[in-house]
Amino acid sequence: QLVWVRWFDFDSDTDSGFIAKRLPQVHFADHDDPTAFGFVDPNDIIRSAHLVPAFEYGINCATPVGSVIHRGVDGSQSTDYMFYKVNL
């Protein structure tokens, strides 16, 4: 068995951590990046993580409409946010 995944990238442009008093921030890897997607063994998956949409940055409109990664409910707009906060 394999699971197809879409990877996140760490946002290193934003200060985060206990000293900065801000949650780490991630975003989906660019869909044009050949390493943005992959396959993993289900036994290697973290079973849960708490990601909170960073609402202040808005929705990522760069996701191509009609692609397999586009999750727009009405088919016209992506519902992926630009960034997500990783709750610690």
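To be clear, the structure that these remarks concern was listed above.
A brief structural summary. Here the structure is a predicted model, which is why all the values come from computation and not from measurement.

## Quick word on the layout of surface pockets
Point 1. Looking at the largest pocket, its volume works out to about 430 Å³.
Point 2. Lining the largest pocket are 13 residues; nearest its centre among them are Trp7, Phe8, Ile45, Ile46 and Ala49.
Point 3. Across the lining of the largest pocket, the residue classes tally to ten nonpolar, one polar and two charged.

## Quick look at the pattern of salt bridges
Point 1. Considering all chains together, one arrives at one salt bridge under this definition.
Point 2. Here Asp80 ties to Arg6 by a salt bridge, and the two come within 3.0 Å at their closest N and O atoms. With a gap of 74 residues between them, Asp80 in the loop between strand E5 (51–53) and strand E6 (84–86) and Arg6 in strand E1 (residues 3–6) connect regions that are remote in the sequence. For the residue pair Asp80 and Arg6, the accessibility class agrees, reading buried in each case.

## Some remarks on the packing of aromatic side chains
Point 1. One pass over the structure, following the stated rule, counts seven aromatic pairs.
Point 2. Here the aromatic rings of Phe8 and Phe28 are separated by 4.6 Å at their centres, their planes lie at 15°, and the arrangement is stacked. You can see Phe8 sitting in strand E2 (residues 8–10) and its partner Phe28 sitting in strand E3 (residues 25–28), a full 20 residues away along the chain.
Point 3. Judged by relative accessible area, which is 35%, Phe8 ranks as partly exposed.

## Description of the sheet that holds E3
Point 1. Strand order in the open sheet made by the four strands is E2-E3-E6-E5, with antiparallel pairing throughout. Two strands close off the open sheet at either side, each with one partner strand: E2 and E5. Neighbour to neighbour, the strand axes of the sheet diverge by 40° on average, direction disregarded.
Point 2. With three bridges connecting them, E5 and E6 associate as antiparallel partners. Its bridge partner lying in E6, Leu51 is registered against Val86.

Here is what the cut-offs are and how they apply
Residues numbered from 1 in each chain as written. Predicted model: local features only at pLDDT ≥ 70, side-chain atom pairs only at ≥ 80, totals over all residues. Heavy atoms only, no water. 1 Å grid on protein atoms, 1.4 Å probe; cavity = no way out; pocket = protein on both sides within 12 Å on 5 of 7 lines; lining within 4 Å. Points joined across faces, edges and corners; volume = space filled by probe spheres on them. Nonpolar A, V, L, I, M, F, W, Y, C, P; charged D, E, K, R; others polar. Salt bridge = Lys/Arg side-chain N within 4 Å of Asp/Glu carboxyl O. Helix = DSSP H or I, 4+ residues; strand = E, 2+ residues; numbered from the N terminus. Buried < 20%, exposed > 50% of the residue type's maximum accessible area, 1.4 Å probe, protein only. Phe/Tyr/Trp six-rings, centres within 6.5 Å; stacked < 30°, edge-to-face > 60°. Pairing = 2+ DSSP bridges. Axes fitted to C-alpha atoms, helices over the stretch in contact; angles between N-to-C directions.

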